[in-house]
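# Observations on the three-dimensional arrangement
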Amino acid sequence: MSNTIHDMGGMHGFGPVKEEANEPVFHTKWESRVYAMNRAMGPLRLWTIDEGRAAQEALHPAVYTNASYYQRWLLGLEARALQHGLVTKEELASGKAIEANDRPNRIFKAEDAAGLTRSSFDRDPQGEPVFKAGDRVRTLNINPPGHTRLPRYARDKIGEVEAVRGCHVFPDSVANGKGDDPQWLYTVVFDGQTLWGPDAEPGLKVSIEAFEPYIEAV
Amino acid sequence: MATEEDRGHDHSHEHAHGHSHEHGEMSELSDTQLRVRSLETVLAEKGYVDSAALDAIVEAYETRIGPQNGQRVIARAWADPGFRAALLEDASVAVNTMGNVSAVGSHLIAVENTAERHNMVVCTLCSCYPWEVLGLPPTWYKSAPYRSRAVLEPRAVLSEFGVILPDETEVRVWDSTAETRYIVIPERPEGTDGWSEEQLAELVTRNSMIGTGLAQRPDGKTEAS
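The rules behind these values
- Residues numbered from 1 in each chain as written.
- Chains lettered and ligands numbered in written order.
- Predicted model: local features only at pLDDT ≥ 70, side-chain atom pairs only at ≥ 80, totals over all residues.
- Pairing = 2+ DSSP bridges.
- Helix = DSSP H or I, 4+ residues; strand = E, 2+ residues; numbered from the N terminus.
- Axes fitted to C-alpha atoms, helices over the stretch in contact; angles between N-to-C directions.
- Contact = placed C-beta atoms within 7 Å.
- Nonpolar A, V, L, I, M, F, W, Y, C, P; charged D, E, K, R; others polar.
- Domains from an automatic or database assignment.
- Parallel < 35°, antiparallel > 145°, perpendicular 65-115°, else oblique.
- Left-handed = near helix turned anticlockwise from the far one by under 90°.

Turning our eyes to something else, we now look at the sheet that holds strand β4 (residues 204–211) of chain A. Pairing is mixed across the open sheet formed by 7 strands, whose spatial order is β5(A)-β1(A)-β2(A)-β3(A)-β4(A)-β3(B)-β2(B). The open sheet has two edge strands, β5 (215–217) of chain A together with β2 (117–122) of chain B, and neither has a second partner. Averaged over all pairs of adjacent strands, the angle between their axes in this sheet comes to 35°, without regard to strand direction. As judged from the 6 bridges shared by strand β2 (residues 158–168) of chain A and strand β3 (residues 183–191) of chain A, these two strands associate in the antiparallel manner. Counterpart to V161 of chain A in the pairing with β3 of chain A is V188 of chain A.

The structure is reproduced here in structure tokens:
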């Protein structure tokens, strides 16, 4: 979902940013297991990073805000494992495998943790980029019911293309089960006043990474 | 479900170690632990995860993959103008020329602070962060206050981190809305001429590479000049 609580840019009311002194990498063992399970399941290619994000975005806003970061990762992983039929509710409740299954073709092994580099999201372009650095563009006014990476605060705003970042998997397509549909990606920068009006902080510029279908020429 | 005894134990434990969890998570900790254990057991029995591999992933982020990697990258950028230029040209390629830093996938981008511009990185939609050079993000980076306010009032956020910038400085916020990942090259502190890369790395803080802090000064202070 797009217009829900995860899209937080510009919201009021969450209070000050609190930094924890000497924060450990993980606060509890279960946090580390949740993180590691998510990382280990990625290379199985049962789902994509955007499907993972969409699973968290589908949480009720009250659940999303009340859960801690790794609780959201847990809820998202449980939801995907159930949706893809990897596990059943009965198995999760009992903590034991009940039903037989086809084993996945590959599995993340301990020796694979030597690398842990992120996979590439570059894809062969379907054509030349429409825009170049210096072009003035307007972001579209879209409110799709499915996943998107165009934040609300940056919709229907005029900005400038600062850089072309290559051709990448298109989240709006892949998270909705419609394939990679590769699109050119741009850094688009906006003046603070364009986004927030005359009371914007002085000297503010904000950029987003905008896929080509998010923008049009001005 | 947590019993009263569990809660009492958790409370004293948290108190003794001086850190706390957000959102009343403590009272549900046992429930969450059970769910995590259950999910891992079922996924392992069905062949989707290997518990030894999970151990290796955790160990990697607790020992090898952390801000120490970014510190080495920034120190070299300060010490070596040719490397700095390469880092700004293609950070993924440049970092992978350093043998002592864990490998980086594609799409890493370095942006430099100057006297005219201060850079700051956020992910308003989730918590995108350059894991390979900075490790896993601190809780505040993933929190609603930072995600909501960094694009709206970064100067106010910076002031909570003790960073006050002149009004004429441009504040540039990079919202990581795609698979590109950003690392900030903070300004090299004055009074460090002739320092080795190892010495310089000590001055590079994690927050200075996110843009919510500045590099430490040789006298140990971190305030803006």
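Attention shifts here to the interface of chain B and chain A. Contacts between chain B and chain A engage 75 residues on the former and 76 residues on the latter. When contributions to the side of chain B that touches chain A are tallied by element, the ones reaching two or more residues are α2 (29–45), α3 (51–64), α8 (139–142), α9 (144–149), α10 (154–160) and β3 (170–175) of chain B. Sort the elements by how many residues they give to the side of chain B that touches chain A and α2 of chain B lands first, with 12 residues. Looking at the side of chain B that touches chain A residue by residue, the classes come out as 33 nonpolar, 21 polar and 21 charged. In the sheet, β4 of chain A pairs with β3 of chain B via 4 bridges, with the strands oriented parallel. Bridge pairing in β3 of chain B links S207 of chain A to W174 of chain B.

Many analyses report the size of an interface as the accessible area lost when the parts associate. Residue and element names in this part refer to chain A. According to the domain assignment, chain A consists of domain 1 (29–114) and domain 2 (136–217). Contacts between domain 1 and domain 2 engage 6 residues on the former and 4 residues on the latter. The residue inventory of the side of domain 1 that touches domain 2, partitioned by class, reads 1 nonpolar, 1 polar and 4 charged.

We now examine the packing of helix α1 (residues 29–41) of chain A against helix α4 (residues 69–83) of chain A. All names here are of chain A. Between α1 and α4, the shortest axis-to-axis distance is 9 Å and the interhelical angle comes to 45°. Comparing their axes, α4 and α1 come out oblique. In terms of crossing hand, the pair formed by α1 and α4 is left-handed. Together, E31, V34, Y35, M37 and N38 of α1 and Y70, W73, L74 and L77 of α4 make up the contact between the two elements. When its residues are assigned to classes, the contact of α1 with α4 shows 7 nonpolar, 1 polar and 1 charged.

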